[in-house]
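A look at the structure
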Amino acid sequence: MSSVNQEPAHEGRSWLSPLVTLGIIVMGLAWAGFGWWKYGVWMHNGPGAGFFPVVMGLGAALLGSYELLRRRFETDRVSWRNLWPAVAMGLAIASIPLFGMVLAMTLFIVLWMALIERQSWLKSVAIGACAGGAIYLLFGMWLMVAFPEGALMAPFT
Amino acid sequence: MDILQSLMQGFATSLTFSNILAALVGAGLGIIVGAIPGLGSVTGIALLLPLTFQMDPITGIIMLGALYYGCMYGGSYSAILLNIPGDAPAVVTSLDGYPLSQQGHGGKALFTANISSFIGGTVGIIMLTFMGPILAHVGLMFGPAEVAALILLALCSIGWLLGDNPLKGLISTFIGVMLATIGIGTAFGQPRFTFDSMYLLNGISFIPLVIGMFGFSQVLVMMVNRVDPSAKGLSGRLGLKESLLDRKEALSILPVSLRSGVLGNLVGILPGAGATTGSFLSYVLEKKVGRNGDELGKGRIQGVAASEAGNNAAAAGSFAPLLSLGIPGSGTAAVLLGGLMMWGLQPGPLLFQNNPDFVWGLISSMYLGNVMAVLAALAIIPFLVKLLLIPASIMIPVIAVVCVVGSYSVNNSMFDVWFMLGAGVVAFFMTAARYPIAPLLLAFVLTPRLETSLRQALDISRGDPMIFLRSPIAATLLTLILLFVLYPLAKRLFMTVRRRGHKAAAE
């Protein structure tokens, strides 16, 4: 999802771009600081483990600062609604130790479709069951991925 | 003539009913494995390898070769349709493939990917057939200094070429390099930025990163920017007929595929450079010399063609050092090397003399595997494009689940799943602030090799940086880097001076 892959975006919140740029500057400075003091930039015959972190960290911090000073902030429109899938999926992932991977993901699809997308329960359960079954057959059976089983499912396996 | 005779003998060995069937099964499985986000050709071959030990070695290697090609075809599908690259080279394919899907030309993008994969793969196999041993020796001329210069060239061109704002592209490249320094790198054997977490000791895993940054962040975007397929009139444009290229389009991707095939093959033979570098440099070449180079990245079939042809040709190229010298040119070739040795074959200069039946059977099977893979791939396009008609209300939860399962299945690690989720959110905000993500991922892939090569080159020269200027190849590549960096600056300066001149004249 690079910027080139997006449809023409609308201008959005002006604080987002400087905030992201500020985050990049802090990250760059942290990388440069660790690289310089902890890992060493130059050894006796060549670059040390801190060489790339220092060069790239300083580069990112300097270019980020230039971007901030230029004050030409462009931002796509974002809303809290954009983050709903991340929050819901975070809850689903947190429930994996209880339900196991396959059931947790099936429940995520069913509940998301029924509660957020307002689809009928029948349709939601049908699609959730198909997706869960496909994941189990493809990854669990064929590719033998060892999915977490979950405390609730343990007595049945 | 000897080569042609040997190749014909190879075809006589490989063109039996059981071998053709093995190639078809391998190609089909490869397409499925390649299309699943998180699984690449290395996993596919590793999974199938134990099954092939029951087979005749030639049948076994034909099946594996076809699977390898099938994976290369399948890897582009999820990149084009869902913006989730199945493997690293497909990151480049998604740059034009996904916008094409959004514009309702997903079928054309898939068709272009398949045809250019076929052309690039064929160019690669032909070069391998006639120049394999020579190519392998050319590859050996690329020592650490030359490989470092080549990867530096690729890195320097990323920021300038991708995205509307080169400065932000460059910052993204720097972030990619910084992320790649996490963990115990091969160059130094010292843990960096692990913060005492055992999960970070091996560094960040690429697949969860790419799935999060491309796939999951796409889910977050879809949440608000929903596209109703029926409202956009997509359904009328997703039949088989609409997926076919017209004469003009077909002619436009032919030269792109041919030159990308040659370049991709040459990059593929370099030890460790890999299909990602092949795919990316082919895209860079197209952006520079192609007729519509400026349009690449906005949804052009030429971009898909360059990436896919370069990728498949590099895959063929990686066999040259494996067969001629016993040195695998890619991760997949390394798994195949293990397979060859388990069959009692020792790849290297003597393989052509001691086991000519096997070598030429393998090379001929690559032609067979490539044909089988393109036929199987073209046959499933009509079904694949129907995916684009699924409404967002179903796509959002299903893609989110595929992201979780795909990132878990790489290392069976819940840490990877959480990391994917975090990477998705970070990429969403970066994209909203107009920082392109593709340069970050490409820099992340290329950096470990750059760091190792730079370290090795300076170890060889005892710290003397002149090693980069003494080698004609490295010096040429460094000159190209200078031109790459200076050209946009010089162009901007020239434009400013000219504008001021015009302004002064007008006044």
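Residues numbered from 1 in each chain as written. Chains lettered and ligands numbered in written order. Predicted model: local features only at pLDDT ≥ 70, side-chain atom pairs only at ≥ 80, totals over all residues. Heavy atoms only, no water.

Bringing the overall build of chain A into the picture now. Within chain A, the regular secondary structure consists of six helices and two strands. Counting from the amino terminus, helix and strand elements in chain A follow one another as α-β-β-α-α-α-α-α. Rg of the C-alpha trace for chain A: 23 Å, well past the compact-globule value of 15 Å for 157 residues, more than 25% over. In terms of its C-alpha atoms, chain A occupies a principal-axis envelope of roughly 60 × 45 × 25 Å. Relative to its full complement of 157 residues, chain A shows a buried share of 45%. Long-range pairs, those at least 24 residues apart, make up 55% of the contacts in chain A with a sequence separation of at least 6. Of the roughly 8500 Å² that chain A leaves accessible, carbon and sulfur atoms contribute 72%. (Helix = DSSP H or I, 4+ residues; strand = E, 2+ residues; numbered from the N terminus. Rg over C-alpha atoms; globule rule 2.2 N^0.38 Å. Buried < 20%, exposed > 50% of the residue type's maximum accessible area, 1.4 Å probe, protein only. Contact = heavy atoms within 4.5 Å. Areas by Shrake-Rupley, 256 points an atom, 1.4 Å probe, with all protein chains shown as cover.)

The extent of an interface is frequently quoted as the accessible surface area lost upon association of the parts. Counting from both sides, the interface comprises 76 residues of chain A and, opposite them, 82 residues of chain B. Buried surface at the junction of chain A and chain B, both sides included, amounts to about 6800 Å², of which 74% is carbon and sulfur. Joining chain A to chain B, the criterion identifies two salt bridges. A salt bridge links E67 of chain A to K168 of chain B, with the shortest nitrogen-to-oxygen separation between them at 3.9 Å. Where chain A packs against chain B, one counts 11 residue pairs in polar contact (both at pLDDT 80 or more). (Buried area = accessible area lost by both parts, 1.4 Å probe. Salt bridge = Lys/Arg side-chain N within 4 Å of Asp/Glu carboxyl O. Polar contact = N/O pair within 3.5 Å; in protein donor to acceptor, adjacent residues only side chain to side chain.)

Take the pattern of salt bridges next. For the coordinates displayed, the defined rule picks out nine salt bridges over all chains. R455 of chain B is the salt-bridge partner of D459 of chain B, the closest N and O atoms lying 2.8 Å from each other. Of the two residues, D459 of chain B and R455 of chain B both sit in helix α20 (residues 438-460), four residues apart, roughly one turn of that helix. By relative accessible area, D459 of chain B is classed as partly exposed at 35%. Looking at R455 of chain B, the relative accessible area reads 7%, which means it is buried. The structure contains a network of salt bridges with shared partners spanning E67 and R70 of chain A together with K168 of chain B.

The next subject is the side chain of T112 of chain B. Structurally, T112 of chain B is set in helix α6 (residues 106-140). At 2.7 Å, the side chain of T112 of chain B forms a polar contact with the backbone oxygen of K108 of chain B.

Moving on, we get to helix α17 (residues 356-385) of chain B. Spanning 30 residues, α17 of chain B covers 43 Å between terminal C-alpha atoms, matching the ideal 44 Å at 1.5 Å per step. For α17 of chain B, the principal kink sits at A379 of chain B and spans about 35°; a proline, P382 of chain B, occurs within the next four residues. (Expected span 1.5 Å × (residues − 1). Bend = angle between axes of the 7 residues up to and from the residue.)

Residue and element names in this part refer to chain B. Of note, the phi angle at D196 is positive, near 60°, even though the residue is not glycine. Take D196: it is sitting in the loop between β2 (191-192) and α9 (206-224). On the basis of relative accessible area, D196 is assigned to the exposed category, the value being 81%.

Before going further, it helps to spend a moment on the confidence of the model for chain B. Predicted coordinates in regions of low pLDDT should not be interpreted in detail. Per-residue pLDDT for chain B has a mean of 82; in total, 90% of the residues score no lower than 70. Scoring the predicted complex yields pTM 0.78 and, for the interface, ipTM 0.89. (pLDDT = per-residue confidence, 0-100.)

Moving on, we come to the packing of helix α8 (residues 166-180) of chain B against α20 of chain B. Residues and elements named next belong to chain B. One way to put it is that α8 packs onto α20 with a least axis distance of 7 Å and a crossing angle of 40°. The angle between α8 and α20 falls in the class oblique. Where α8 crosses over α20, the two elements pack in a sense that is right-handed. Within the contact between the two elements, α8 uses G169, S172, T173, I175, G176, V177, L179 and A180 and α20 uses P439, L440, A443, F444, T447 and P448. Considered class by class, the residues forming the contact of α8 with α20 number nine nonpolar, five polar and no charged. (Axes fitted to C-alpha atoms, helices over the stretch in contact; angles between N-to-C directions. Parallel < 35°, antiparallel > 145°, perpendicular 65-115°, else oblique. Left-handed = near helix turned anticlockwise from the far one by under 90°. Nonpolar A, V, L, I, M, F, W, Y, C, P; charged D, E, K, R; others polar.)

All names here are of chain B. The contact between helix α11 (residues 247-268) and helix α13 (residues 301-317) brings their axes to 7 Å, and the two run at 35°. Seen from above, α11 lies across α13 with right-handed handedness. In this structure, α11 uses E249, S252, I253, V256, S257, S260, G261, G264, N265 and G268 to contact α13, whose residues at the interface are I301, Q302, A305, A306, A309, G310, A313, A314, A316 and G317. For the contact of α11 with α13, the residue count by class is nine nonpolar, 10 polar and one charged.

Here we come to the confidence of the model for chain A. Residues with a pLDDT of 70 or more make up 91% of chain A, whose mean pLDDT is 86. The model gives residues 1-10 of chain A a pLDDT under 50, and that stretch makes 42 contacts with residues more than four places away or in other chains.

Bringing the state of the cysteines into the picture now. Linking two cysteines covalently through their sulfur atoms gives a disulfide. All names here are of chain B. Per the stated rule, a full pass over the model turns up zero disulfides over all chains. This cysteine, C71, is not joined by any disulfide, and C403 carries the nearest cysteine sulfur, 20 Å off. Look at C403 and you get buried, because its relative accessible area is 1%. (Disulfide = S-S within 2.5 Å.)

Attention now goes to the nonpolar core. Residues M89 and M105 of chain A together with F216 and L441 of chain B are the most contacted members of the largest nonpolar core, which totals 193 residues. Excluding residues that lie within four positions of it along the chain, M105 of chain A makes contacts with M89, A92 and I96 of chain A together with V401, V404 and V405 of chain B. (Core = buried A, V, L, I, M, F, W, Y, C linked by side-chain atoms within 4.5 Å.)

Okay, helix α5 (residues 101-116) of chain A next. The end-to-end C-alpha separation of α5 of chain A is 21 Å, in line with the 22 Å expected for 16 residues at 1.5 Å each. The secondary structure elements touched by the buried residues of α5 of chain A are α3 (84-94), α4 (96-99) and α6 (121-142) of chain A together with α9, α18 (392-411) and α19 (414-432) of chain B. Count one or two residues on from α5 of chain A and you reach R118 of chain A, which has phi positive near 55°.

Quick look at a nonpolar patch on the surface now. All names here are of chain A. A cluster of nonpolar residues, W84, L103, L107, L111, L115, I116, W121 and V125, forms a patch on the protein surface that exposes about 690 Å² of accessible area. Broken down by secondary-structure element, the contributors of at least two residues to the nonpolar patch are α5 and α6. Counting residues per element, the nonpolar patch draws most heavily on α5, which supplies five residues. By the secondary structure assignment, L111 is in helix α5. (Patch = residues over 30% accessible without salt bridge, like charges linked within 9 Å, V, L, I, M, F, W, Y side chains within 5 Å.)

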